[in-house]
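# Architecture and fold: a report
As a plain string of letters, each chain reads:
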Amino acid sequence: MAQEIKSLIHNPEEYHRKMQILYKSVTYDEHNVIKKVIGEAVSDTKCHTIRVLSVGSGNGTREDLSITLLSETFPEVFYTGVDPAEEELQQFNTFSVSKKAQKEWENVEFEFHNETIEDYIEKADKGEVAGKFHIIVALQSVYHFTDPVTTIKQLYDMLEDGGVLVNLMQSGDIGKLAMEIGKHYYDPKNWFIDAEWVEEKMRERIPDAKITTVIQPQTCKINACFDEQSSEGNDLLDFITQIPNFRKTIPKEIKDEIMESLNNKKRIDPNGDIFINWDAGYLLIRKEEKKLH
């Protein structure tokens, strides 16, 4: 039976600090896949103003390219960012102001909400905030939903006909590792799940939706994870497992099992560097347009 723990997300400052260590270790070409995903999302959208909801928007740097693409495609963009991390949203607001000062994003109107997506949905149901969008984006935030399947369905219901919900989640080996950790631990604020699990559940929950997946191959250099004296390696392990002070806080038997699983998934290149596949899965859920009979 899985044991409840407080995962890394309970300390937002440490979460974001260790996430930056991960970003330094991951290699990927996000530019092309973002262009592909956004292109697919808006391919059938014909309107003057496009409304976008960003769930767990953070400081906005990860959404730089997608906002730019949307602003170049549509005359007007109404962009709503929702995140419970106040400091991250403040940074996003500053980022958006600087972009406008550089004559970018001039046709984008921003609105920020410092709250959980569950709180935002409750307000939308009451008509207190915008409740219909052409695109809803959730980049690496599904794990933190109170009930991922229910919340994704609620977000789907907030789509305009023909709208698309874009979920970015871990996939491949790193996703499998998360599922393995989930056999031992759970946290209501951090689900140990992957893109494949979510896709299966949503196909059951929304059988009429058009669901497609775009996989972005990525690798993460993890040499330091096998050096117990490396502080960076320990921080990276904490983020990979989402368990604070992973080496010191969990029982040896479970720690050894997780490290063995990580070791079995590793790849070694000709230079002796150690990598794990850190594939990103973009799960696109499209709400079909209603047909008139």
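Residues numbered from 1 in each chain as written. Predicted model: local features only at pLDDT ≥ 70, side-chain atom pairs only at ≥ 80, totals over all residues. Heavy atoms only, no water.

What follows concerns the overall build of the protein. Along the protein, the regular secondary structure elements total 11 helices and 13 strands. Compactness check: the protein gives a C-alpha radius of gyration of 20 Å against a globular reference of 19 Å for 293 residues, within 12% of the reference. Each of the three principal axes of the protein carries a C-alpha extent, and together these read 60 × 45 × 35 Å. Across the 293 residues that make up the protein, the buried fraction comes to 51%. Put simply, 80% of the contacts in the protein that link residues at least 6 apart link residues at least 24 apart. For the protein, the computed accessible surface area is about 14,400 Å², with 48% contributed by carbon and sulfur atoms. For the protein, the distance from the average site of its 35 positive side-chain charges to the average site of its 52 negative ones is 2 Å. (Helix = DSSP H or I, 4+ residues; strand = E, 2+ residues; numbered from the N terminus. Rg over C-alpha atoms; globule rule 2.2 N^0.38 Å. Buried < 20%, exposed > 50% of the residue type's maximum accessible area, 1.4 Å probe, protein only. Contact = heavy atoms within 4.5 Å. Areas by Shrake-Rupley, 256 points an atom, 1.4 Å probe, with all protein chains shown as cover. Lys, Arg positive; Asp, Glu negative; His and termini not counted. Charge placed at Lys NZ, Arg CZ, Asp CG, Glu CD.)

What follows covers the pattern of salt bridges. In total, this model carries 17 salt bridges according to the counting rule given. When the shortest N-O distance is used, the salt bridge between Asp235 and Lys18 registers 3.9 Å. Of this pair, Asp235 sits in helix H9 (residues 231–241) while Lys18 sits in helix H1 (residues 12–25), and the two are 217 residues apart along the sequence. Considered together, Asp235 and Lys18 belong to a single accessibility category, that of buried residues. (Salt bridge = Lys/Arg side-chain N within 4 Å of Asp/Glu carboxyl O.)

The subject of this paragraph is the packing of helix H6 (residues 148–157) against helix H8 (residues 195–205). The description of two helices packed together rests on the angle between their axes and the distance between the axes. Between H6 and H8, the shortest axis-to-axis distance is 10 Å and the interhelical angle comes to 60 degrees. Put simply, H6 runs oblique to H8. Considering only the axes of H6 and H8, their crossing is right-handed. Residues Val149, Thr150, Ile152 and Lys153 of H6 lie in contact with H8, whose contacting residues are Trp197, Val198, Lys201, Met202 and Arg205. Across the contact of H6 with H8, the residue classes tally to 5 nonpolar, 1 polar and 3 charged. (Axes fitted to C-alpha atoms, helices over the stretch in contact; angles between N-to-C directions. Parallel < 35°, antiparallel > 145°, perpendicular 65-115°, else oblique. Left-handed = near helix turned anticlockwise from the far one by under 90°. Nonpolar A, V, L, I, M, F, W, Y, C, P; charged D, E, K, R; others polar.)

The next subject is the packing of aromatic side chains. Applying the stated criterion across every chain, the model contains 9 aromatic pairs. Where Tyr79 meets Phe110, the ring centres are 5.7 Å apart and the plane angle is 55 degrees; that geometry is what we call tilted. Highlighted residues: Tyr79 in strand S4 (residues 76–82) and Phe110 in strand S5 (residues 108–113), separated in sequence by 31 residues. Taken as a pair, Tyr79 and Phe110 share a single burial class, namely buried. The rings of Tyr79, Phe92, Phe95, Trp105, Phe110 and Phe112 are connected pair by pair, giving a single aromatic cluster. Geometry around Phe226 places Lys266 over its ring, the cationic atom sitting 5.4 Å from the centre. The ring of Tyr156 carries Lys287 above its face, with NZ or CZ at 5.6 Å from the centroid. (Phe/Tyr/Trp six-rings, centres within 6.5 Å; stacked < 30°, edge-to-face > 60°. Lys NZ or Arg CZ within 6 Å of the ring centre and 35° of its normal.)

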